[in-house]
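In case you want the letters, here they are:
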Amino acid sequence: MTRNEELWENALRVIPGGVNSPVRAFRAVGGSPPFLARGQGCRVYDADGKEYVDHVASWGPLIAGHAHPRVVEAIARAAAGGTTFGAPTEGEVLLANSVSRLVPSCEKVRLVSSGTEATMTAVRLARGVTGRDRIVKFAGCYHGHADSFLIRAGSGATTLGIPDSPGVPRALAELTLVARYNDLASVRALFGAHPDGIAAVIVEPVAGNMGCVLPAPGFLAGLRELSDRYGALLVFDEVITGFRLALGGAQAVYAVRPDLTTLGKILGGGLPLAAVGGKRSLMDQLAPEGKVYQAGTLSGNPVAVAAALATLGLLEEKNPYRDLEERTKSLAKGLEDAAVKAGIPVIVNRAGSMFTVFFTKGKVTDYESALQSDTRAYARFFHALLANGVYFPPAQFEVAFVGMAHDAAAIDRTLDAAAKTFAAARG
Ligand code: KE4
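Residues numbered from 1 in each chain as written. Predicted model: local features only at pLDDT ≥ 70, side-chain atom pairs only at ≥ 80, totals over all residues. Heavy atoms only, no water.

Structural notes on helix α2 (residues 69-80)
Okay, step 1: End to end, α2 covers 16 Å across 12 residues, agreeing with the expected 16 Å (1.5 Å per residue, within 8%).
Okay, step 2: Count one or two residues on from α2 and you reach glycine 82, which has phi positive near 115 degrees. (Helix = DSSP H or I, 4+ residues; strand = E, 2+ residues; numbered from the N terminus. Expected span 1.5 Å × (residues − 1).)

What follows is the structure, encoded as structure tokens:
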């Protein structure tokens, strides 16, 4: 029995599904996951010592790669001075100022420990400020696992076939209205039905949780206009796209300014840290300044803040976005060319350095079209890459990433593995 198999058997006995987050369990692709023991740059190593080029990047945070020396050093230095105080620290002020400078719509920032906490806070704040109860989300978008979001949710909820989770009270679920991504008419209809009842529209400005789906021209601006017309807040969930697509996130790329923004993943540099930010007039409604309550023992944790400051410092200094765009564009084209050569229907959707290989013929522009993908073909693709030392997301409805540490040798290995995989699939 390999070490991976031993660990898996033990994990299944003591952890639900053997994992601490469902998408890690390989349910969508079959088989059992390797236990990762170490990461360095763009490579990870499993419990049996096998090396993989990592395109999961812990589902997005590791734009600077695994164990970046400057991040590790910042963490070690912070930890040596104490790991948490439950009191204000200088680092939190420095980080809030950096976020506000890089994402100007975030005039004020509240730090939390996960993307779910950030989106949960944003929706409670919107409801508290507007006095309205309904929210609009989009089928296939995933905003973490707070009750109001587990309605037609993407990511692991779709992967596991539970986009509407048991345990969410019907009375609450009914307050989440679901629109179709890239379909402004579906949003207009919901506002028409509830002209004074919608507190917020929450959207992934580039979707990552139905696989990568880009906003159609005018879609985000249309949401801005509708939200303004009906007095709802526009919330950009930039937990994936924040600091991924640009230093200013998707809102900088698409030049649409939301009322509230949620950030996470890259912001924490690999440690548990996320944030909600927005207009001063809105953020000051949060306790203790305002009455909308929100709290967290480890919110703004000094070690996580140190990782965040080191990561944002790296991104500002290196400004890797043009290079990441070019390298990811070239990888995406190589993957598509290899599939076409083998006669396999594949569409690669890409935004910056996030992308998804969809096994489908038609364009993927929303949840319905994403669900047309051949998830069994994706599973075969995934395992063939894994066997060749390339680690892709273990689910069709996720995004893969290229980071600063993906060197030419890593990209070549991914392309070679994909070409071999497609050729073998052609038979
Ligand atoms: P967390 O609570 O997992 O930190 O963040 C929730 C969240 C919020 N918003 C967006 C746009 C997100 O993508 C996420 C989390 N993403 C998934 C993967 N697509 C996290 C991986 C997992 O669930 O283990």
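A few points about unusual backbone geometry
Negative phi is the rule for most residues except glycine; trans is the rule for most peptide bonds.
Okay, step 1: Of the consecutive residues alanine 287 and proline 288, the connecting peptide bond is found in the cis state with omega at 5 degrees.
Okay, step 2: With respect to the helices and strands, proline 288 occurs in the loop between α10 (280-283) and α11 (302-318).
Okay, step 3: With phi around 55 degrees, alanine 57 is a residue other than glycine that occupies positive phi space.
Okay, step 4: Among the structural elements, alanine 57 can be located in the loop between β3 (51-54) and α2.
Okay, step 5: Positive phi values are uncommon outside glycine, yet alanine 255 reaches one of about 55 degrees.
Okay, step 6: As for its position among the elements, alanine 255 is in the loop between α9 (250-254) and β9 (260-263).
Okay, step 7: Exposure remark for alanine 255: the relative accessible area of 68% places this residue in the exposed category. (Buried < 20%, exposed > 50% of the residue type's maximum accessible area, 1.4 Å probe, protein only.)

Some words on the sheet that holds strand β5 (residues 134-138)
Strand pairing in a sheet relies on backbone hydrogen bonds, with the paired strands running either antiparallel or parallel.
Okay, step 1: Strand order in the open sheet formed by seven strands is β4-β10-β9-β8-β7-β5-β6, and the pairing between neighbours is mixed. Every interior strand has two partners, whereas the edge strands, β4 (108-112) and β6 (176-179), have only one. Neighbour to neighbour, the strand axes of the sheet diverge by 20 degrees on average, direction disregarded.
Okay, step 2: With five bridges joining them, β4 and strand β10 (residues 274-278) adopt antiparallel strand pairing. Residue lysine 108 lies in a different strand from β10, and its bridge partner there is glycine 278.
Okay, step 3: The strands touched by helix α3 (residues 90-102) within the sheet are β4 and β9, with β4 carrying the most contacts at an inclination of about 125 degrees. (Pairing = 2+ DSSP bridges. Axes fitted to C-alpha atoms, helices over the stretch in contact; angles between N-to-C directions. Contact = heavy atoms within 4.5 Å.)

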